Structure formats: C-alpha cells, structure tokens
Amino acid sequence: MAWRLRDDPPDAAFGLRLYAAGRARELAATGWPAAVQQAFLAQQHAAREAHYRRVHPQAEDRAIERDGQAVGRLLLARDAKHHRVVDLALLPAAQGQGIGSALLRELQRAAQHAGQRLCLQVADDNAAALRLYLRLGFVPEPSADKTSAYRALHWRAAVAQPA
C-alpha cells in the first residue's frame, strides 16, 4: 500500500465524492430521494469549500493518493502559532489501513520541527477518528461551547526537562 501526498488539490468531482462519502450515513437516515440528497450535498460542499477559502486562504490543499488513485484530502493551514488540520478525509475503502496514522505522524514531525502545536477538530460522532487522535497523543481542549458538534484537540511534542 503505497500512499503519498500530491502537490495539488483533489479535483472538484473527487472532492464532492469524498464529501458525500463522509455524509452518507447521515443522509441515509433522512429518507430523501437521491436527487434531493445530491442537490443537498452539492450545496453543502460548495458552502464548506467557500468557508475554508475565506477563513484559511493560504491553506495547503493536497490530494492523498494510494497506488496512483486519489483516496483522500488534506487541507493544512500554518501560521505563526500552530499548524491546523482544517480537513483530513479518506474514502471509506482507504480508512483503517494506516494512511491517516502515517500522515498525522508526518504532520506531527513537521509541527515539532517548527516548534508549533498541531491542532484539529473532530466531529463528536466520529469515534474512530477520535480514537486515532487520542492514540497519537492529541489532547482535547476545554470548550465553553457545550452545543458544538465538534471537539477541538491539539498535539505538542514533549519538551525535555533539564536534569
């Protein structure tokens, strides 16, 4: 299983397919006709992408590929204080195969090298991703917003204490 980050973002059609895969379980519960689901997904995806461009205009948008095929996306914003994983998504068929773990370890090394924290958010209902982040040493951040459907986490390399 050879994977890599491409230097370019995923194409628009793949981006929508990846977004739809991440919302499939949620939409299946609506009972909406397929055409309504597709229209809803297209509108929500476009709104999310516009938000990302507005809030993180300098973010690196890169496709994740395995064996030459796009299987995911990484959107990473870096600033003077931290590196932020804005979006990290893999198609269901590519999940659970170590790609996300390996990618996050690379991001941790880069943040450590820069002397910065690595931050991200995870949906409260994404138990598998939360387990992964906790296993990799991410720590939940306290939140005053008890209504949010997302949990903020951060990682910082351990600093050696003087003897």
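Residues numbered from 1 in each chain as written. Predicted model: local features only at pLDDT ≥ 70, side-chain atom pairs only at ≥ 80, totals over all residues. Heavy atoms only, no water.

What follows is about the sheet that holds strand 1 (residues 3–5). The strand order across the open sheet built from seven strands is 1-2-3-4-5-7-6, with neighbouring strands paired in mixed fashion. With partners counted over all chains shown, the strands left at the sheet margins are strand 1 and strand 6 (139–140), one partner each. Running at roughly 35° to strand 3 (residues 69–78), helix 2 (residues 34–55) makes contact with strand 3 and strand 4 (82–90) of the sheet. (Pairing = 2+ DSSP bridges. Helix = DSSP H or I, 4+ residues; strand = E, 2+ residues; numbered from the N terminus. Contact = heavy atoms within 4.5 Å. Axes fitted to C-alpha atoms, helices over the stretch in contact; angles between N-to-C directions.)

Attention now goes to the packing of helix 1 (residues 12–28) against helix 2. Axis separation between helix 1 and helix 2 bottoms out at 10 Å; the angle between their running directions is 120°. Relative to helix 2, the element helix 1 is oriented oblique. The way helix 1 lies across helix 2 gives a crossing that is right-handed. Counted together, G15, L16, Y19, A20, R23 and L27 of helix 1 and Q37, F40, L41, A42, Q44, H45 and R48 of helix 2 form the full contact between these two elements. A breakdown of the residues in the contact of helix 1 with helix 2 according to their chemical character gives seven nonpolar, four polar and two charged. (Parallel < 35°, antiparallel > 145°, perpendicular 65-115°, else oblique. Left-handed = near helix turned anticlockwise from the far one by under 90°. Nonpolar A, V, L, I, M, F, W, Y, C, P; charged D, E, K, R; others polar.)

For the rest of this paragraph, the subject is the packing of aromatic side chains. Applying the stated rule across the entire model yields two aromatic pairs. Each ring, one from W32 and one from F40, has its centre 5.1 Å from the other, and the planes form 75°; the classification is edge-to-face. (Phe/Tyr/Trp six-rings, centres within 6.5 Å; stacked < 30°, edge-to-face > 60°.)

In this structure, I64, L74, L104, L107, Y133 and F138 are the most contacted members of the largest nonpolar core, which totals 25 residues. Of all the secondary structure elements, the ones that give two or more residues to this core are strand 3, strand 4, helix 3 (99–114), strand 5 (117–123), helix 4 (127–135) and strand 7 (150–155). Per-element tally for this core: the top contributor is helix 3, with five residues. (Core = buried A, V, L, I, M, F, W, Y, C linked by side-chain atoms within 4.5 Å. Buried < 20%, exposed > 50% of the residue type's maximum accessible area, 1.4 Å probe, protein only.)

Our next topic: the pairing of strand 2 (residues 60–66). The buried fraction of strand 2 amounts to five of the seven residues, a majority that puts the element mostly inside the structure. By the bridge criterion, three bridges tie strand 1 to strand 2 in an arrangement that is antiparallel. Bridge pairing in strand 2 links R4 to E65. Sheet topology places strand 2 next to strand 3; seven bridges connect them, and they run antiparallel. Residue pairing across strands places A63 opposite R73, the latter belonging to strand 3. The loop that links strand 2 with its antiparallel partner strand 3 comprises two residues; one of these, D67, has a positive phi angle of about 50°.

Right, let's get into the environment of P33. Positionally, P33 belongs in the loop between helix 1 and helix 2. C-alpha of P33 to C-alpha of A12: the two residues are 21 residues apart in sequence and 23 Å apart in space.

Right, let's talk about helix 1 for a bit. When the terminal C-alpha atoms of helix 1 are compared, their 23 Å separation across 17 residues agrees well with the 24 Å that a helix rising 1.5 Å per residue should span. The largest bend along helix 1 reaches roughly 50° and is located at G22. Among the residues of helix 1, F14, G15, L18, Y19, A20, R23 and L27 are the ones counted as buried. Two or three places before A13, at the opening of helix 1, D11 has a side-chain oxygen 3.1 Å from that residue's backbone nitrogen. (Expected span 1.5 Å × (residues − 1). Bend = angle between axes of the 7 residues up to and from the residue. Polar contact = N/O pair within 3.5 Å; in protein donor to acceptor, adjacent residues only side chain to side chain.)

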